[in-house]
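Read off the chains here:
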Amino acid sequence: MIPQSPSKSSLPNTLEHRPEHSSQSPLSVHAMTVAYHKKPVLWDVDYDATPNKLIAIVGPNGAGKSTFIKSCLGLVPKAAGLVEFWGMPYRRARSRIGYVPQRESVDWDFPVSALDVVAMGRYRHIGWCRPVSRKHKQVALECLDLVGMKPFASRQISQLSGGQQQRVFLARALAQQADLYFMDEPFAGVDAATERAIIEVLRRLKGEGKTVIVVHHDLQSVPEYFDEVILLNMRVVAAGPVREVFTKENLHKTYGGRLTLLSEAAEAVARNEIGV
Amino acid sequence: MFFDIGLDLFPLLAAVFAAVSCALLGNFLVLRRLSLMGDAISHSVLPGLVIAFLITSTRSPIAMFAGAAIAGVATVVLVEFVKRFGRVESGAAMGVVFSILFALGVLLIEQAAARHVDLDADCVLHGQLETLVWYSAPDSFGGLFTLQTLQQTPRQVKTLAITLILAIGFVTLLFKELRLAAFDSALATTLGFNATFLHYLLMIFVATATVASFEAVGSILVIAMLICPAAVARLFTDRLGSQIICSVIVALICSIGGYFSATILPSAFGIDAVNAAGAMAMMGGIVLAIAVFVSPSHGVISRVIRRRRLSGRVALDDLLAAIFRATEKGQLQPTRTELQIGFAHANLHRTIQRANHLQLVEPIGTQQVRLTESGMQAASEVVRRHRLWEHYLVEKVGLAPDHVHETAELLEHLPPRPPQGPESDPHGKVIPKGFS
């Protein structure tokens, strides 16, 4: 048996007494460690989000980007650490937080219309056991309109293209009317029109004073689309305004380990080639 | 007689209540790709029942339900456990868990039987619908509406009626939550509708419906009704609400149809009645088989019809284009023989007949044909699309001009319109003006 460390029990379960975290921040993460099958995926992550910014999370595959979002939202259990939203635990901040999961995470053959899916964003406002009223359907329809999908409202979701499905997901997030959004790879595999629609929505959300945290893959578009960036590779390599943080040096630190390994592998292949 | 109240009423009611309850809940199992979970729960409920019986020494419904509900939840937990730590996919995990639990139940029943206890493994499989005979039944339906009827209703039928009401209440009240959790469990949880909680709640209801149905209809019917109606309904609907209603109708067809085909049909042919629950489950299979053929969107027949319609339209388009091209070469009234060359479809004469019927083409004598005014419009539209596609394929896609005809020949019949283009195609032919 591993003896329970005394510091763990005395750890405060709020961040109130930690001056480095502010209750103004929509998201404060303190010393968060997450493990899958005992293997750490995120290691002692500290982070404070600046309010009203578009924030990209970038990092190599397996860096724990999705895990970061999911453990903030309590979907993946934390091994250690604390997460607060505006100085509150997730339970109390729930209705102010929106979430766009990866598109592949759901079954698109499910018997619902695009409008039904968007209306799901209203369920928190509707509450348990009540049907979706006309008023909420109207809000959902307006959100569909914002992403240019109003004509497809009554389509079954399997009849939509990948980009259209992503826009439906985005409309659903809008329908949540949250103050902080987490989006897991909304740009993955979408067409140019959808990418523009998503960016328009992100800017609109920022205009309304909201904070959006997006898992992003395309490094080139980071400076164009985002204000701040989190460089993640099992730990936070760097986080802050794109201009200050998004440097060649930091990127190398984030992706570097993998690249070295890859080049080693390439060399091994090359050696074999010579052997043959 | 067609319907004997004493013989048929209670078995039929029991079957209908059980089938509809299972169908309602089954919709969510099928959508969550947990169809096998119904199978697993209905098998592993057996040891739960026997253990509850061995502990309390009664067959009181409350003890039975507690045993079943605990067994149901235990199954779900065990499946999760095996899946995670046994590193197998969920189908294998369910298979392992329920076969072992069922075996445990059989062993326990034998133990109980050794103590002269009245629990029968046979009735667990196909139920005892036939024992629900009402000896003092009234002669007519008018005599049913008395207090006496309620008093004499067998316990199994009452239990199933309550189960049905519970299932209807559960699915109606939590429709929105169950749909959300089935579609996107992560979002459900972040919104405060805990998907795990809803999952276990659903499993408790499945276990309840299973145990309530056991005595009367047996586990074969339970498994069939959890899956078949929802599977059939999926083929006919594309909204969850209508899918649930459709599954209830299918459950009614299976239970009522199955009951009569088990009792009345055999006697009409002079053979012994067969097991009603078995017949109902068979009915589910038959309905599913029919649905696979006749479903409007996914069915085999509708697919054939759609394909034939499309090929008919393509043949018509090709005929009009062929006459148009002949007209372009100055041959205003091409003969059937001339048209036959390059006409890739089976029946030129029938296509001409159809075009004539639609007043697009008129025959001149027996051999020649000519386009009517509306035929001319339709034909130039087809040729316009063809040549615009050729232009697009050469200019935008970058194919060689001698490579594009086949592709354009296909694309001209399909809904996407080619973008506007110049006045002539890559082969120098004039692109006809559009009429619209």
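Residues numbered from 1 in each chain as written. Chains lettered and ligands numbered in written order. Predicted model: local features only at pLDDT ≥ 70, side-chain atom pairs only at ≥ 80, totals over all residues. Heavy atoms only, no water.

## A word on the environment of N275 of chain B
All names here are of chain B.
Link 1 in the chain: With respect to the helices and strands, N275 occurs in the loop between helix 11 (240-268) and helix 12 (276-294).
Link 2 in the chain: Residue N275 is classed as partly exposed on the basis of its relative accessible area of 26%.
Link 3 in the chain: The sequence separation of N275 and C22 amounts to 253 residues, and the corresponding C-alpha distance is 19 Å.
Link 4 in the chain: Among the polar contacts listed, one links the side chain of N275 to the backbone nitrogen of A277, at a separation of 3.2 Å. (Helix = DSSP H or I, 4+ residues; strand = E, 2+ residues; numbered from the N terminus. Buried < 20%, exposed > 50% of the residue type's maximum accessible area, 1.4 Å probe, protein only. Polar contact = N/O pair within 3.5 Å; in protein donor to acceptor, adjacent residues only side chain to side chain.)

## Structural notes on the sheet that holds strand 8 (residues 228-232) of chain A
Residue and element names in this part refer to chain A.
Link 1 in the chain: The strand order 5-6-7-3-8-9 describes an open sheet built from six strands, whose pairing is mixed. The open sheet is flanked by strand 5 (97-100) and strand 9 (236-241), the only strands paired with a single partner. Geometrically, the sheet is characterised by an average inter-axis angle of 15° between neighbouring strands, direction not taken into account.
Link 2 in the chain: In the sheet, strand 8 pairs with strand 9 via five bridges, with the strands oriented antiparallel. When the sheet's bridge partners are listed, I230 is paired in strand 9 with A239.
Link 3 in the chain: Running over the sheet, helix 2 (residues 65-72) touches strand 3 (54-58), strand 5, strand 6 (180-184), strand 7 (211-215) and strand 8 and is turned about 145° from strand 6. (Pairing = 2+ DSSP bridges. Axes fitted to C-alpha atoms, helices over the stretch in contact; angles between N-to-C directions. Contact = heavy atoms within 4.5 Å.)

## A look at the sheet that holds strand 2 (residues 39-48) of chain A
Residue and element names in this part refer to chain A.
Link 1 in the chain: Spatially, 2-1-4 is the arrangement adopted by the three strands of the open sheet, whose pairing is antiparallel. Pairing within the sheet leaves two strands with one partner each, and these edge strands are strand 2 and strand 4 (80-84). Each adjacent strand pair in this sheet contributes to an overall mean axis angle of 30°, direction not counted.
Link 2 in the chain: Examined bridge by bridge, strand 1 (residues 28-36) and strand 4 share four bridges and lie antiparallel to one another.

## What to know about the packing of aromatic side chains
Link 1 in the chain: A full pass over the atoms with the stated rule returns 16 aromatic pairs over all chains.
Link 2 in the chain: When the centroid spacing of 6.1 Å and the interplanar angle of 85° are considered together, the rings of W108 of chain A and F183 of chain B count as edge-to-face. Pair noted here: W108 of chain A is in the loop between strand 5 and helix 4 (114-120) and F183 of chain B is in helix 8 (residues 175-183), and the two residues belong to different chains. The two residues W108 of chain A and F183 of chain B agree in class, both being buried.
Link 3 in the chain: Among the aromatic side chains, those forming a connected cluster through ring pairs are W108, F110 and F169 of chain A together with F183 of chain B.
Link 4 in the chain: Above the face of the F169 of chain A ring, R172 of chain A is positioned so that its terminal group lies 4.3 Å from the ring centre.
Link 5 in the chain: Positioned above the aromatic ring of Y123 of chain A is the side chain of K176 of chain B, whose terminal nitrogen or guanidinium carbon lies 5.3 Å from the ring centre. (Phe/Tyr/Trp six-rings, centres within 6.5 Å; stacked < 30°, edge-to-face > 60°. Lys NZ or Arg CZ within 6 Å of the ring centre and 35° of its normal.)

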